[in-house]
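Next come the chains, spelled out residue by residue.
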Amino acid sequence: MKVSRIVVILLFLLLLPPATAWADPWQDYQRAGELEAGDPATAEGLYRSAAAAFEASGDLKNAGLAWQKIFHLYDRQGKLAEAGAAYVKEAALFQQAGVPDWAWGDTARGESLKSVLRLFFPVPDPGRITLAKFEPAAGTYLGLYEERGPAGNDYNRVKDLYGRQHALFLGYGHIYGPGNFVLPRDAMEKARQVPGAGLVLALEPNGGLEGLREGDLVAIARELAALKIPIFLRFASEMNMEGTNAWHGDPAAYVTWFRRAATIMRREAPNVALVWNPFDIVQPEGVKAAALEYYPGDDYVDWVGVNFYSDYYLSGRADQPGAGLDPLQRLDYWYRIFAGRKPLMVGEFAIAHTVLSPGRADVSRWAAFNIRKFYRTLPLLYPRVKAVVYFDLNESDPLYTQAKVSDYRLDDNQEVLTAYREAIAGPHYLEQVGQEAPGTYRELEDGMAIQGEITLGAAVKLYDPFISRVEYYLNGELLGSPASPPYQLTVDFNRLPGEGSLVVKAYDSQGRKAISRTFTVFGSAIPVATFTPGQKGYTINGQAQEMDVAPFIENGRTYVPLRYLALGLGVPEEGIGWDPSSQTVTLSSAGHILKFYPGRAEMERDGRRQALDVAPLNRASRVFLPARYVAEALGYRVTWSPARQQVLVIRE
């Protein structure tokens, strides 16, 4: 009786779920909510516990909600880097759960807090790509909407205003219904008068898709053909803007009409390139993807465009800050989807220097910084963005009928005007359709071998809209700290033999380190000599040699036999001397006389004594010391290769 009862109890215990399965994540979640205000650290731990339990059980929605709480906790405490990481986790969980819009309310703030650091270097060849109509192999066309700007009467004045002529000019055409269309003939004619310029035509079916007729499209195509300049036709762009455009809401009909327009233009107007051009709304990527329902297919699209604006406040709302949103990041999603297939165009883009609503505020410093950063960093991050059209407009203009949120003008603010002129001055930006830049950029990858002098540039995004500097270290040595985008620094990898550690650190506006990345790189220097601890074999100019003793490591320092080191550095046999009475090693080479004293932490160079941080050692009838003292005195440099576990001596 007792035995059977024990067996029953044991079976019951074996069938019980693990202790963690009894835990109710909702208890942790609710308790965390009670503690948020007074004990945020404990609340964070409870939210993390709840999130882990939810995720383990497959309840990704509630796991995302728990991470959402963690994101807000960090943000309120000013732990901005941690908040950015929490937002990434939150958005990923909602995406996996099939509810990406649940992160929508956090998107603007969350995206602004994500920190990114990537390195790039120039290459002369953009690689094997099939070029689209009017696409340059390398470089980006400068574009401008100038109908309301200071050069609105004569586009040839643009070069005087901004320092560079622009290759593209934006104009708007409208189709109000059958037989009722209006083209921007004044802008078309002014663009035609600029040598090498093209027109970006935003053709909008304001009467809805049902108001379109093939005959009208044929008439428009023939008029565009007669212009005889390159035309980039943005047909029914921003189709993903619900409640704004009459051509939104029926993806199938949209695709049908875009394909008809493309077919007609290719038949009637060979000078027209078709541009499919959505608007980038600040939303999680799962929500942005809805625009792809309107994509007509690669066979009907020459270029892919995207429009976006950088406002200090989103939609004119003080509770929706946009200052931390990096405008470059607005390209990420579209670039990943399309860059392998199509060139990209920023169809409309601007950065506000004055807030019109809410209130009125001068944010010129923010605008100038971001203009420089956008244009200077764009070639690094997005080499297949081949055109950028700046929207030079003040939304308080009476003719502008949409929300009056920002002033984007370039010419009325000297700080912004200077920033724009400087930002577009480089050879990457093209002044005529058909021009090409001298090269493009490639991203630095961990473990990459690099030869020669390379100018590295950093694409950096922080939780702080301003960045004070970026520091570059090679094998622990600070090489430089540029303070202006794209934080470029020239590094001579001919000085690096084999493996090296490249560390890059970015600092926020308060001088605090915000993000750091470490790259293993392999330089192109050929060592003059190599020594391996514990091995008697060594090399001189790549030739294998043999010693009668081996280097060794003591107290974290590598000691090399002085005689063989000297031979490796070109000191002749007769230039190596040992005086047993004074216990002195003398090296004579290249006009220099060096003296070392075993047991004494000093050396003598050409009669001048110098302190050493360690003393030479006398072992096995040989004098040993760290290699750099001799090498540096004779004009060489010493480095340690972790991969080879060797001392490398190279020429300066």
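A quick note: this is a predicted structure, and the numbers were derived from the prediction, not measured.

Some thoughts on the confidence of the model for the protein
In regions of low pLDDT, the predicted coordinates are not meant to be interpreted in detail.
Argument step 1. Of all residues in the protein, 96% have pLDDT values of 70 or greater, and the mean over the chain is 91.
Argument step 2. Note that pLDDT drops below 50 for residues 1–22; the model gives that stretch two contacts with residues more than four away or on any other chain.

Here's the deal with the packing of helix α6 (residues 80–96) against helix α7 (residues 104–113)
Relative placement of two packed helices is described by the angle separating their axes and the distance separating the axes.
Argument step 1. Put simply, α6 and α7 touch, their axes get as near as 8 Å, and they point 125 degrees apart. When the interaxial angle is binned, α6 and α7 end up oblique. Crossing angle aside, the handedness with which α6 passes α7 is left-handed. Facing α6, whose interface residues are L80, A83, G84, Y87 and E90, α7 presents D106, T107, R109, G110, E111 and L113.

Notes on the sheet that holds strand β34 (residues 622–625)
Argument step 1. If you walk across this open sheet you meet the four strands as β26-β27-β34-β33, and the pairing is antiparallel. Single-partner strands in this sheet number two, and they are β26 (552–554) and β33 (617–619). On average, adjacent strands in this sheet sit at an angle of 40 degrees to one another, irrespective of strand direction.
Argument step 2. Summarising the sheet, β33 and β34 pair through three bridges and their orientation is antiparallel. Paired with L617 across the strands is F624, a residue of β34.

Notes on the sheet that holds strand β1 (residues 116–123)
Argument step 1. Reading across from one edge, β15-β1-β17-β20 is the order of the four strands in this open sheet, with antiparallel pairing throughout. Two strands close off the open sheet at either side, each with one partner strand: β15 (440–443) and β20 (489–492). Adjacent strand axes in the sheet meet at a mean angle of 40 degrees when their direction is disregarded.
Argument step 2. With four bridges connecting them, strand β17 (residues 453–461) and β20 associate as antiparallel partners.

Let's talk about the side chain of S237
Argument step 1. Tracing the backbone shows S237 in the loop between β6 (231–235) and α11 (251–268).
Argument step 2. Apart from residues no more than four positions distant in its own chain, S237 is found in contact with N245, W247 and N277.

So, the environment of V433
Argument step 1. Relative to the assigned elements, V433 resides in the loop between β14 (429–430) and β15.
Argument step 2. Of the residues examined, V433 reaches a relative accessible area of 18% and is grouped as buried.
Argument step 3. Spatially, the C-alpha atoms of V433 and A262 are 21 Å apart, while their sequence positions differ by 171 residues.
Argument step 4. Excluding anything up to four places from it in sequence, V433 contacts F134, Y141, A167, L168, G196, A197, G198 and P230.

Topic: the pattern of salt bridges
For side chains of opposite charge, pairing can occur when their charged atoms come near one another.
Argument step 1. Taken as a whole and judged by the stated rule, the model has 38 salt bridges.
Argument step 2. R31 is the salt-bridge partner of E34, the closest N and O atoms lying 3.1 Å from each other. With E34 and R31 both in helix α3 (residues 25–35) and three residues apart, this pair spans about one turn of that helix.
Argument step 3. Close ionic contact of K190 with D186 constitutes a salt bridge, the shortest N to O distance being 2.9 Å.

Quick notes on the nonpolar core
Argument step 1. Core analysis: the largest hydrophobic core is formed by 173 residues, its most contacted members being F235, W276, I371, Y375 and Y390.
Argument step 2. Here this core gets ten residues from one element, more than from any other, and that element is helix α14 (residues 364–381).
Argument step 3. Sequence-distant contacts of F235, defined by excluding residues within four places in its chain, comprise L203, L212, L217, Y254, W257, F258, A261 and V275.
Argument step 4. Counting 37 residues, the second largest nonpolar core, distinct from the first, contains A566, L594, L617 and Y629.

Things to note about the packing of α14 against helix α15 (residues 414–423)
Argument step 1. Direction vectors running N to C along α14 and α15 enclose 10 degrees, while the axes themselves pass 9 Å from each other. The orientation of α14 with respect to α15, classified from their angle, is roughly parallel. Between α14 and α15, the contacting residues are S364, R365, A367, A368, I371, R372, Y375 and R376 on the first element and E415, V416, T418, A419, Y420, E422 and A423 on the second.
Argument step 2. Classifying every residue of the contact of α14 with α15 gives eight nonpolar, two polar and five charged.

Description of unusual backbone geometry
Argument step 1. The omega angle of the peptide bond from S357 to P358 is 0 degrees, so this bond is cis rather than trans.
Argument step 2. Residue position: P358 is located in the loop between β10 (354–355) and β11 (361–362).
Argument step 3. Going from P485 to P486, the amide bond is cis rather than trans, its omega being 0 degrees.
Argument step 4. Mapped onto the elements, P486 comes out in the loop between β19 (477–480) and β20.
Argument step 5. Here the phi dihedral of E238 falls at roughly 55 degrees; this positive angle occurs in a residue that is not glycine.
Argument step 6. With respect to the element layout, E238 can be found in the loop between β6 and α11.
Argument step 7. Judged by its relative accessible area of 14%, E238 falls in the buried class.

Conventions used here
Residues numbered from 1 in each chain as written. Predicted model: local features only at pLDDT ≥ 70, side-chain atom pairs only at ≥ 80, totals over all residues. Heavy atoms only, no water. pLDDT = per-residue confidence, 0-100. Contact = heavy atoms within 4.5 Å. Axes fitted to C-alpha atoms, helices over the stretch in contact; angles between N-to-C directions. Helix = DSSP H or I, 4+ residues; strand = E, 2+ residues; numbered from the N terminus. Parallel < 35°, antiparallel > 145°, perpendicular 65-115°, else oblique. Left-handed = near helix turned anticlockwise from the far one by under 90°. Pairing = 2+ DSSP bridges. Buried < 20%, exposed > 50% of the residue type's maximum accessible area, 1.4 Å probe, protein only. Salt bridge = Lys/Arg side-chain N within 4 Å of Asp/Glu carboxyl O. Core = buried A, V, L, I, M, F, W, Y, C linked by side-chain atoms within 4.5 Å. Nonpolar A, V, L, I, M, F, W, Y, C, P; charged D, E, K, R; others polar.

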